[in-house]
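Results of the structural survey
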Amino acid sequence: MKILAIVATQGNSSIIRPEAEQFIEMHRRGVQVDIMCHRDTAYAQIFQDAGLNIVGNFPKNKKDKQAVAEIRLLLQNHSYAILHVLHRASIACGIKAAKGLPVKLVAYRGASGLYWHDITAYQNALHPRVDKVICVCNDIRDNLKKQLFFKKHKAITVYKGHRPEWYSGVQSIPLAEFNVPADAFVIACSANNRKWKGIPTFLDAIHLLPTHLKFCVLLL
């Protein structure tokens, strides 16, 4: 099987790594994976060192005509079974590039917030050209199924994997440095501060806890 994966490799490596490592593992198991990504990045080099082919550049935006043409040419010249697109720009460009071609288009969804009445959702996972949508958890999958109406089978859950050994060299920081009392129960939220992550809702929910509880909230 041959897969063309369009993967963002710019940014925090802890965010990139779970996505990138799955393709390296597929390669180790005998699947041919070609990668379209940001070339001048650490993970582009890691892909190459692992034996994967870098075949293009990550789309600049959802309307990147050059990227669409490049993806389509790759799909026409190689017998890819799957085009795997993981981000909004790559999904939009991938949909256009795959038009009329026999490749299966697999998208990724890491957050809720797509709705059938929003026309922009059809540049994403709700587009009829998308064959499968890999959701990072069941809640997102179930939300997406409500929007897909008669094609609910498109949405599936595949958890984003982390290997514990990736963090074996990380040194913990004493919570006292953040003025957290030693006997406090700590509630931590680790997320990017984006509107769909629900941080304000999380903070509102904290106020519903009993006032006699001794706890601290740590936003990472």
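Cut-offs applied
Residues numbered from 1 in each chain as written. Predicted model: local features only at pLDDT ≥ 70, side-chain atom pairs only at ≥ 80, totals over all residues. Heavy atoms only, no water. Core = buried A, V, L, I, M, F, W, Y, C linked by side-chain atoms within 4.5 Å. Buried < 20%, exposed > 50% of the residue type's maximum accessible area, 1.4 Å probe, protein only. Helix = DSSP H or I, 4+ residues; strand = E, 2+ residues; numbered from the N terminus. Contact = heavy atoms within 4.5 Å. Axes fitted to C-alpha atoms, helices over the stretch in contact; angles between N-to-C directions. Parallel < 35°, antiparallel > 145°, perpendicular 65-115°, else oblique. Left-handed = near helix turned anticlockwise from the far one by under 90°. Nonpolar A, V, L, I, M, F, W, Y, C, P; charged D, E, K, R; others polar. Phe/Tyr/Trp six-rings, centres within 6.5 Å; stacked < 30°, edge-to-face > 60°. Lys NZ or Arg CZ within 6 Å of the ring centre and 35° of its normal. Disulfide = S-S within 2.5 Å. Pairing = 2+ DSSP bridges.

Time to look at the nonpolar core. Membership of the largest hydrophobic core comes to 53 residues, with the highest contact counts inside it found for F23, I35, F47, I71, L75, L83 and L144. Sort the elements by how many residues they give to this core and helix 4 (residues 88-97) lands first, with 5 residues. Apart from the residues lying within four places of it in its own chain, the contact partners of I35 are A5, V7, F23, F47, L52, N53, I54, V55 and G56.

Position of N124 among the secondary structure elements: in the loop between strand 5 (104-109) and strand 6 (132-135). Other than its neighbours up to four places away in sequence, N124 contacts R88, I91, I95, R109, L114 and V130.

This part is about the packing of helix 1 (residues 13-28) against helix 2 (residues 42-49). Here helix 1 crosses helix 2 at 15 degrees, and the two axes come no closer than 11 Å. Taken together, the axes of helix 1 and helix 2 are roughly parallel relative to one another. The handedness of the crossing between helix 1 and helix 2 is right-handed. Residues I16, R17, A20, E21, F23 and I24 of helix 1 form the contact with helix 2, whose participating residues are Y43, I46 and F47. Tallied by class, the residues present in the contact of helix 1 with helix 2 amount to 7 nonpolar, no polar and 2 charged.

Another aspect to go through is the packing of aromatic side chains. If you walk through the whole model with that rule in mind, you get 3 aromatic pairs. Plain terms: the ring middles of W116 and F149 are 5.9 Å apart, the flat faces sit at 65 degrees to each other, and that makes the pair edge-to-face. Residue W116 is found in the loop between strand 5 and strand 6, and its partner F149 is found in the loop between helix 5 (138-148) and strand 7 (155-157); the two are separated by 33 residues along the sequence. On the basis of relative accessibility, which here comes to 44%, the residue W116 falls in the partly exposed class. On the accessibility criterion, F149 (42% relative accessible area) is partly exposed. Positioned over the ring face of Y80 is K2, at 5.3 Å from the centre of the ring.

On to the state of the cysteines, then. By the definition in use, this model includes 0 disulfides. Of all cysteine sulfurs in the structure, the one in C93 sits closest to C37, which takes part in no disulfide; the separation is 15 Å. As a non-bridged cysteine, C189 has C137 as the owner of its nearest cysteine sulfur, 14 Å distant.

Our next topic: the sheet that holds strand 6. Pairing is parallel across the open sheet formed by 7 strands, whose spatial order is 3-2-1-4-5-6-7. Each of the sheet's edge strands pairs with one partner strand only, and the pair in question is strand 3 (53-57) and strand 7. Each strand of the sheet is rotated relative to its neighbour by a mean of 25 degrees, with strand direction disregarded. Inspection of the sheet shows strand 2 (residues 32-37) paired to strand 3 by 4 bridges, in the parallel sense. Opposite M36, over in strand 3, you have G56 as the bridge partner. The sheet strands contacting helix 1 are strand 1 (2-6), strand 2, strand 4 (82-85) and strand 5, and the helix crosses strand 2 at an angle near 150 degrees.

This brings us to the pairing of strand 5. Most of strand 5 sits inside the fold, with 5 of its 6 residues counted as buried. The sheet contact formed by strand 4 and strand 5 spans 4 bridges and is parallel. Considered in strand 5, the bridge of L83 is made with L105. In the sheet, strand 5 pairs with strand 6 via 4 bridges, with the strands oriented parallel. Counterpart to R109 in the pairing with strand 6 is C135.

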